[in-house]
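A look at the structure
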Amino acid sequence: MAGDDDAAWAEPAHGCKGRITLKTVEEDTLTFELGQGTGCVAGTVWLTRKGRLLTYTWKDVPGLGIVTQTGDLARTS
């Protein structure tokens, strides 16, 4: 069953509202494009499966490519 390749994106603490679009699907990585929107910095988001973790990386590319945010997401019981 196919789904949409884009969705609304919001970061209420920063006043950001925009769209995020799935661009590529690889074996362990999903790559998304985050559009400019209102109050958002455009960039690319990668979600990568590493064992039981899902790593999150955001970088302001296309753009200046000087800001990167990363983190690990894990399921908690």
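1. Remarks on the state of the cysteines
Applying the stated rule across the entire model yields one disulfide. Between the sulfur atoms of Cys16 and its disulfide mate Cys40 the distance is 1.8 Å. A torsion of 95 degrees about the S-S bond marks the disulfide between Cys16 and Cys40 as right-handed. Pair noted here: Cys16 is in strand 2 (residues 16-25) and Cys40 is in the loop between strand 3 (29-34) and strand 4 (43-50), with a separation of 24 residues, a long-range link. Judged on exposure class, the residue Cys16 and its partner Cys40 are both buried.

2. Description of the sheet that holds strand 4
In space, the six strands of this open sheet follow the order 1-2-3-4-5-6, with antiparallel pairing throughout. Where the open sheet ends on each side, the last strands, each with one partner, are strand 1 (6-11) and strand 6 (68-73). When strand polarity is set aside, the average angle formed by the axes of neighbouring strands in this sheet is 25 degrees. With six bridges joining them, strand 3 and strand 4 adopt antiparallel strand pairing. Within strand 4, the residue paired with Phe32 across the bridge is Val45.

3. Remarks on unusual backbone geometry
Residue Pro62 is bonded to the preceding Val61 through a cis peptide linkage, with omega at 0 degrees. Within the secondary structure layout, Pro62 lies in the loop between strand 5 (53-59) and strand 6.

4. Observations regarding the pairing of strand 4
Across seven bridges, the pairing between strand 4 and strand 5 is antiparallel. Looking at the pairing, Thr44 lines up with Lys59 of strand 5. A loop of two residues connects strand 4 with strand 5, the two strands running antiparallel in sequence, and Gly51 in this loop sits at a positive phi of about 65 degrees.

5. Describing the side chain of Thr44
Topologically, Thr44 is positioned in strand 4. Of the polar contacts made by the side chain of Thr44, one reaches the backbone oxygen of Val61; its length is 2.6 Å. Each residue touching Thr44, except ones within four places of it in the same chain, is listed here: Thr31, Phe32, Thr57, Trp58, Lys59, Val61 and Pro62.

6. Concerning the pairing of strand 2
The side chains of a regular strand alternate between both faces of the sheet. In terms of strand pairing, strand 1 meets strand 2 through six bridges, oriented antiparallel. Of the residues in strand 2, the one forming a bridge with Ala8 is Arg19. Hairpin connection between strand 1 and strand 2: a loop of four residues separates the two successive antiparallel strands, and Gly15 in this loop has a positive phi of roughly 70 degrees. As paired strands, strand 2 and strand 3 are joined by five bridges and run antiparallel to one another.

Conventions we followed
- Residues numbered from 1 in each chain as written.
- Predicted model: local features only at pLDDT ≥ 70, side-chain atom pairs only at ≥ 80, totals over all residues.
- Heavy atoms only, no water.
- Disulfide = S-S within 2.5 Å.
- Helix = DSSP H or I, 4+ residues; strand = E, 2+ residues; numbered from the N terminus.
- Buried < 20%, exposed > 50% of the residue type's maximum accessible area, 1.4 Å probe, protein only.
- Pairing = 2+ DSSP bridges.
- Axes fitted to C-alpha atoms, helices over the stretch in contact; angles between N-to-C directions.
- Polar contact = N/O pair within 3.5 Å; in protein donor to acceptor, adjacent residues only side chain to side chain.
- Contact = heavy atoms within 4.5 Å.

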